[in-house]
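Below are the chains, spelled out letter by letter.
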Amino acid sequence: MSIIISLSPQVEAQCEKAAQEGQDVSLVATELLTRILEWELQDSEEVFTGIQRSLDDFEGRRSCSFQEFAEEQRHKYNLRNTFGENIGNVAQSREDNS
């Protein structure tokens with residue numbers, strides 16, 4: 001299969017340099033595209049797995065309030081309370097007003 005792509009001047013210069021160094025530019029491009037496409041596929045699969053896990057947790061009633069989530073994240077990542085606490089207070093106010 002033959003594919004035509006437009007390269008930025010910087011990438012084109014890198015390809016020319018690779019060719020001058022004796023590298024097969026087609027092989028280098030094929031390897032790079034393969035790696036990128038594999039990475040994107042893996043990334044997409046991880047996203048879908050995470051979404052499905054979240055949906056399963058929600059359906060199984062294994063969820064928590066935003067306040068609980070924010071507190072867990074602050075503790076897990078040793079974050080300060082200021083920003084998350086303000087958001088948590090807004091979320092709590094909305095819950096209280098409902």
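Residues numbered from 1 in each chain as written. Predicted model: local features only at pLDDT ≥ 70, side-chain atom pairs only at ≥ 80, totals over all residues. Heavy atoms only, no water.

## Description of the overall build of the protein
Part 1 of the reasoning: Looking only at helices and strands, one finds four helices and zero strands in the protein.
Part 2 of the reasoning: Order of helices (α) and strands (β) in the protein, N terminus to C terminus: α-α-α-α.
Part 3 of the reasoning: Taking all 98 residues of the protein together, the buried fraction comes to 6%.
Part 4 of the reasoning: Approximately 9,000 Å² of the protein is accessible, and the part contributed by carbon and sulfur atoms is 55%. (Helix = DSSP H or I, 4+ residues; strand = E, 2+ residues; numbered from the N terminus. Buried < 20%, exposed > 50% of the residue type's maximum accessible area, 1.4 Å probe, protein only. Areas by Shrake-Rupley, 256 points an atom, 1.4 Å probe, with all protein chains shown as cover.)

## Considerations on a nonpolar patch on the surface
Part 1 of the reasoning: The grouping of M1, I3, I5, L7 and V11 at the surface amounts to a nonpolar patch, some 570 Å² of accessible area in total.
Part 2 of the reasoning: Within the element layout of this structure, I3 appears in the segment before helix 1 (9-20). (Patch = residues over 30% accessible without salt bridge, like charges linked within 9 Å, V, L, I, M, F, W, Y side chains within 5 Å. Salt bridge = Lys/Arg side-chain N within 4 Å of Asp/Glu carboxyl O.)

## Focus on the confidence of the model for the protein
Part 1 of the reasoning: Scored by pLDDT, the protein has a mean of 84; 82% of the residues are at 70 or more.
Part 2 of the reasoning: For the protein, helix 4 (residues 82-97) is the element with the lowest average pLDDT, namely 56, and helix 2 (residues 25-59) is the one with the highest, namely 92. (pLDDT = per-residue confidence, 0-100.)

## Here's the deal with unusual backbone geometry
Part 1 of the reasoning: Its identity as a non-glycine residue notwithstanding, N78 has a phi of 50°, on the positive side.
Part 2 of the reasoning: Tracing the sequence through the fold places N78 in the loop between helix 3 (66-77) and helix 4.
Part 3 of the reasoning: Take N78: its relative accessible area is 70%, and that puts it in the exposed class.

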